[in-house]
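Each chain, letter by letter, is given below.
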Amino acid sequence: MREDVFDIAKYAVEKGVRVSMTPSATPNVTKEAIEKAKEVGLSRWAFSLDGPTAEIHDHFRGRGQESDMVSPVEHERVFTWLYDLSKRVSFDIKTTAAQHYRRVVIQQKIREAKGNNEDIQYLDALTEQGLTGSIDGLGRAPKGVNEGNGFVFIFIFIFISHIGDVYPSGLLPVKAGNIREQSLAEIYRDSSIFRDLRNPDKYKGKCGVCEFRHVCGGSRSRANAMTGDYMEGEPFCVYIPKALRKKATS
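If you're wondering where the values come from, they're calculated on a predicted model, not measured in any experiment.

What counts as what
- Residues numbered from 1 in each chain as written.
- Predicted model: local features only at pLDDT ≥ 70, side-chain atom pairs only at ≥ 80, totals over all residues.
- Heavy atoms only, no water.
- Salt bridge = Lys/Arg side-chain N within 4 Å of Asp/Glu carboxyl O.
- Helix = DSSP H or I, 4+ residues; strand = E, 2+ residues; numbered from the N terminus.
- Buried < 20%, exposed > 50% of the residue type's maximum accessible area, 1.4 Å probe, protein only.
- 1 Å grid on protein atoms, 1.4 Å probe; cavity = no way out; pocket = protein on both sides within 12 Å on 5 of 7 lines; lining within 4 Å.
- Points joined across faces, edges and corners; volume = space filled by probe spheres on them.
- Nonpolar A, V, L, I, M, F, W, Y, C, P; charged D, E, K, R; others polar.
- Polar contact = N/O pair within 3.5 Å; in protein donor to acceptor, adjacent residues only side chain to side chain.
- Core = buried A, V, L, I, M, F, W, Y, C linked by side-chain atoms within 4.5 Å.
- Contact = heavy atoms within 4.5 Å.
- Pairing = 2+ DSSP bridges.

1. Let's talk about the pattern of salt bridges
A full pass over the atoms with the stated rule returns 13 salt bridges. As a salt-bridge pair, Asp 4 and Arg 2 come within 2.9 Å of each other at their nearest N and O atoms. Residue Lys 36 is joined to Glu 39 by a salt bridge in which the shortest nitrogen-to-oxygen separation is 3.6 Å. On the criterion of helical spacing, the pair formed by Lys 36 and Glu 39 is a turn pair, its members being three residues apart in helix H2 (residues 31-40). Classification of Lys 36 by relative accessible area gives partly exposed; the value is 33%. Overlapping salt bridges bring together Arg 18, Arg 44 and Asp 92 as one network.

In structure tokens:
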């Protein structure tokens, strides 16, 4: 809606920021606007097509239910397929709410580089040096937890409602504050919700002890939806952390 939106985007691009835009599907999205976006250097356009009523919306979008989810094992199969596909296609493959795909990519790359018999030892060495977050394998910044941690993993990403309520993301409806009462910077920096989300060592369940927690972290919104606690373990990850495997065999 801002007349200077492309000036802002151009400024960010010139500063080295990868900029994408997700406008509403309104009459403002013209051929001229799309050409202008390309001219200033936007990396990606995305559109969410929603219905004006629940009935119309769900007719073509559907309404998410727990029964719609694939199993943890099926997640793993899809991730492996995506990784194999990523090596054969020329376009970027991006996952939005599949943080544990990063863990699969790292494991696959380790196997390819070191062989199946050495992957765990190699990962141990990287973990001890704090380097697991530097080899996410996706060509992006290493942080994998979207909510409260940056959608592209280093930039501030938060959701602000039409009445000023602040949430870690549109998928995690846990209110952290309101911009009419506090500055956005104060909420992001000081809210206990955001501070907890930025500290993978405080995660519960297997995510809290997983060696991949700083590069993956699991989906906080999915944990919240399934357990009522956004700090709980990722409920649709098949991986058993090394710490738990050691405990089971000791």
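Back to the text.
2. A few points about the layout of surface pockets
As a volume, the second largest pocket reaches approximately 310 Å³. The wall of the second largest pocket is formed by Gln 65, Glu 66, Met 69, Ala 97, Leu 171, Ser 219, Ser 221, Arg 222, Ala 225 and Met 226. Split by residue class, the lining of the second largest pocket holds five nonpolar, three polar and two charged.

3. Side note on the environment of His 214
Position of His 214 among the secondary structure elements: in the loop between helix H8 (192-197) and helix H9 (220-227). For the pair His 214 and Asp 201, spaced 13 residues apart in sequence, the C-alpha separation works out to 8.2 Å. For His 214, the side chain forms a polar contact with the side chain of Asp 201, separated by 3.2 Å.

4. Topic: empty space enclosed by the protein
Leftover empty space is mapped by rolling, across the atoms, a probe with the size of a water molecule. Scanning all chains against the criterion turns up two cavities of 30 Å³ or more. Estimates place the volume of the largest cavity at around 110 Å³. Residue lining of the largest cavity: 14 residues in total, with Cys 207, Cys 210, Cys 216, Cys 237 and Tyr 239 positioned closest to the centre.

5. Points about the nonpolar core
Core analysis: the biggest nonpolar cluster contains 14 residues, and Ile 193, Phe 194 and Tyr 230 have the highest contact counts within it. Elements represented by at least two residues in this core include exactly helix H7 (184-190) and H8. Sort the elements by how many residues they give to this core and H8 lands first, with three residues. If we ignore the near neighbours within four places in the chain, the residues touching Tyr 230 are Leu 172, Val 174, Ile 193, Asp 196, Leu 197, Arg 220, Ala 223 and Asn 224.

6. Quick word on the sheet that holds strand S4 (residues 165-167)
Pairing is antiparallel in the open sheet, where three strands are placed in the order S3-S4-S5. Looking at which strands have only one partner, the edges of the open sheet turn out to be strand S3 (159-160) and strand S5 (177-178). In this sheet, S5 lies alongside S4 in antiparallel orientation, the contact comprising two bridges. Considered in S5, the bridge of Asp 165 is made with Asn 178.

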